[in-house]
Amino acid sequence: MAKSIFWLLMTIALSVASGCATPPKSGKGFTLPEGDAEAGKQNYISFRCNACHKIEGIDQIAAEGEEPELSIALGGEVTRIETYGELVTSIINPSHRLAKGYPVEAVSVDGQSRMTVYNDVMTVTELTDLIAFVQSRYKLLEYEITDYPMYGP
Ligand code: HEC
């Protein structure tokens with residue numbers, strides 16, 4: 001009996017040590033290609049992010065049909081975005097976690113973020129450029145790029 005418990009514990013210890021503990025839905029290993037911050041700045045303006053956001057160096061424009069008006073700060077050290085993953089998520093899945101520090105009813109309707117969903121209009125390159133730009137305005141925790149070896153001929 002004691003022996004089988006020993007082996008059970010050994011199996012658990014080994015699977016934890018060999019990395020089986022990473023849940024399948026973990027974001028570990030998720031890596032987007034590097035973006036171009038200068039192009040991202042242009043995208044920020046052409047996608048009219050500045051209708052609802054203020055960011056250092058870009059004037060906010062009047063939002064059409066947005067009542068009440070929105071002025072969510074991006075960048076700096078004051079906001080709550082801490083990691084690259086959170087930043088990407090806040091753009092492609094805005095309702096996943098609403099920006100902190102604003103009344104819920106000001107930033108969302110029925111639990112859904114008032115942020116425009118761009119997933120069907122933005123290319124991945126536009127997204128990565130945009131992220132490179134917005135990221136340059138945040139002080140994020142260090143982002144570790146997953147280094148995949150190249151295979152093939
Ligand atoms: C129609 C208004 C609107 C537009 C346009 C808009 N957003 Fe947002 N955005 C919001 C609102 C409201 C929030 C706060 C609720 C939330 O976290 O989703 C938000 C939150 C964010 C956050 C998270 C901020 C935080 O502190 O958690 C980021 C990053 C962001 N937006 C980036 C962008 C970018 C980049 C664009 C342009 C591609 C954009 N937004 C366009 C309304 C908008």
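None of the values given here were measured: they were computed from a predicted structure.

## Remarks on the overall build of the protein chain
Each helix and strand in the protein chain was counted, giving five helices and four strands. Across the protein chain, the fraction of contacts at a sequence separation of at least 24, relative to all contacts at a separation of at least 6, is 61%.

## Brief notes about the site of the ligand
As a structural note, the neighbourhood of the ligand is formed by 25 residues, with Cys-49, Cys-52, His-53, Ala-99 and Met-115 the closest of them. At 2.6 Å, a backbone N or O of Ala-99 approaches an oxygen atom of the ligand. Considering each element in turn, the shell around the ligand owes the most residues, three residues, to helix α3 (residues 84–92).

## Examining the confidence of the model for the protein chain
On average, residues of the protein chain score 85 in pLDDT, and 88% of them are at 70 or above. The lowest-confidence element of the protein chain is helix α1 (residues 2–17), averaging 70 in pLDDT; the highest-confidence one is helix α2 (residues 37–46), averaging 97.

## So, the nonpolar core
Of all hydrophobic cores here, the largest spans 20 residues; its most connected members are Tyr-44, Ile-131 and Val-134. When contributions to this core are tallied by element, the ones reaching two or more residues are α3 and α5 (124–135). Counting residues per element, this core draws most heavily on α5, which supplies five residues. Contacts of Ile-131, omitting those with residues within four sequence positions, involve Leu-32, Tyr-84, Leu-87, Val-88 and Ile-91. Within the second largest apolar cluster, six residues are counted, among which are Cys-52, Ala-63, Leu-70 and Ile-72.

## Focus: α3
Among the residues making up α3, those that are buried are Tyr-84, Leu-87, Val-88, Ser-90 and Ile-91. Along the axis of α3, the buried residues cluster in a sector spanning 160 degrees; they form a single face. Each element contacted by the buried residues of α3 is listed here: α5.

## Regarding the side chain of Thr-128
Mapped onto the elements of the fold, Thr-128 is located in helix α5. The buried category is assigned to Thr-128, whose relative accessible area is 6%. Side-chain polar atoms of Thr-128 contact the backbone oxygen of Thr-125, separated by 3.0 Å. Leaving out residues up to four positions away in the same chain, Thr-128 has contacts with Leu-32, Pro-33 and Gly-35.

## Observations regarding the packing of α3 against α5
Look at α3 against α5: their axes get within 11 Å of each other, and the N-to-C directions meet at 125 degrees. By the angle class used here, α3 and α5 are oblique. The two elements α3 and α5 meet at a crossing, and its hand is right-handed. Counting all contacts with α3, which are made through Tyr-84, Leu-87, Val-88, Ile-91 and Ile-92, the residues of α5 involved are Leu-127, Ile-131, Val-134 and Gln-135.

## Here's the deal with a nonpolar patch on the surface
Nonpolar side chains collect at one region of the surface, where Phe-6, Trp-7 and Met-10 lie side by side and expose about 330 Å² of accessible area between them. Note on placement: Phe-6 falls in helix α1. We classify Phe-6 as partly exposed; its relative accessible area is 43%.

## Quick word on the packing of α2 against α5
Contact pair α2 / α5: the axes reach a minimum separation of 7 Å and the direction vectors enclose 100 degrees. Classified by the angle their axes make, α2 and α5 are roughly perpendicular. Touching Ala-37, Ala-39, Gly-40, Lys-41, Asn-43 and Tyr-44 of α2 are Glu-126, Asp-129, Leu-130, Ala-132, Phe-133 and Val-134, all from α5. Among the residues forming the contact of α2 with α5, the class breakdown is seven nonpolar, two polar and three charged.

The rules behind the values
Numbering of residues starts from 1 in every chain and runs along the sequence as written. For this predicted model, a pLDDT threshold of at least 70 governs which residues receive local features, and a threshold of 80 or more governs which side-chain atom pairs are given and counted, while totals over whole chains, interfaces and linings are taken from all residues. As a rule here, side-chain values come from all non-hydrogen atoms in the structure, and water together with hydrogens is ignored. Put simply, DSSP marks the helices as runs of H or I at least four residues long and the strands as runs of E at least two long, and each gets a number from the N terminus on. Contacts between residues were defined by any pair of non-hydrogen atoms, one from each residue, lying within 4.5 Å. What makes a residue near a molecule or strand is one non-hydrogen atom of that residue sitting within 4 Å of it. Pairs of N or O atoms are called polar contacts if they sit within 3.5 Å, as long as, within protein, a hydrogen donor faces a hydrogen acceptor (for residues adjacent in sequence, only side-chain-to-side-chain pairs). Per-residue confidence from the prediction method is given by pLDDT, with values spanning 0 to 100. Definition of nonpolar core: a set of buried residues of the types Ala, Val, Leu, Ile, Met, Phe, Trp, Tyr and Cys, connected through side-chain atoms within 4.5 Å. Burial classification: accessible surface area is computed with a 1.4 Å probe over protein chains only, and a residue below 20% of its type maximum counts as buried, one above 50% as exposed, and the rest as partly exposed. The directions considered for the arc run from the helix axis to the C-beta atoms. Every axis in this analysis is a line fitted to C-alpha atoms, fitted for helices over the stretch in contact. Angles between the N-to-C directions lie between 0 and 180 degrees. Note that the term roughly parallel is reserved for angles under 35 degrees, roughly antiparallel for angles over 145, roughly perpendicular for angles of 65 to 115, and oblique for everything else. In a left-handed crossing the near helix is turned counterclockwise from the far helix by less than a right angle, and in a right-handed crossing that turn is clockwise. Only residues whose relative accessible area exceeds 30% and that form no salt bridge are eligible for patches; like-charged ones are grouped when within 9 Å, while nonpolar side chains (Val, Leu, Ile, Met, Phe, Trp, Tyr) are grouped when within 5 Å. Here the accessible surface of atoms and residues is derived via Shrake-Rupley with a 1.4 Å probe, and residues count as covered only by protein chains that are part of the display. Note on definitions: salt bridges are taken to be side-chain nitrogens of Lys or Arg within 4 Å of carboxyl oxygens of Asp or Glu. Under this grouping Gly is polar, as are all residues other than the nonpolar Ala, Val, Leu, Ile, Met, Phe, Trp, Tyr, Cys and Pro and the charged Asp, Glu, Lys and Arg.

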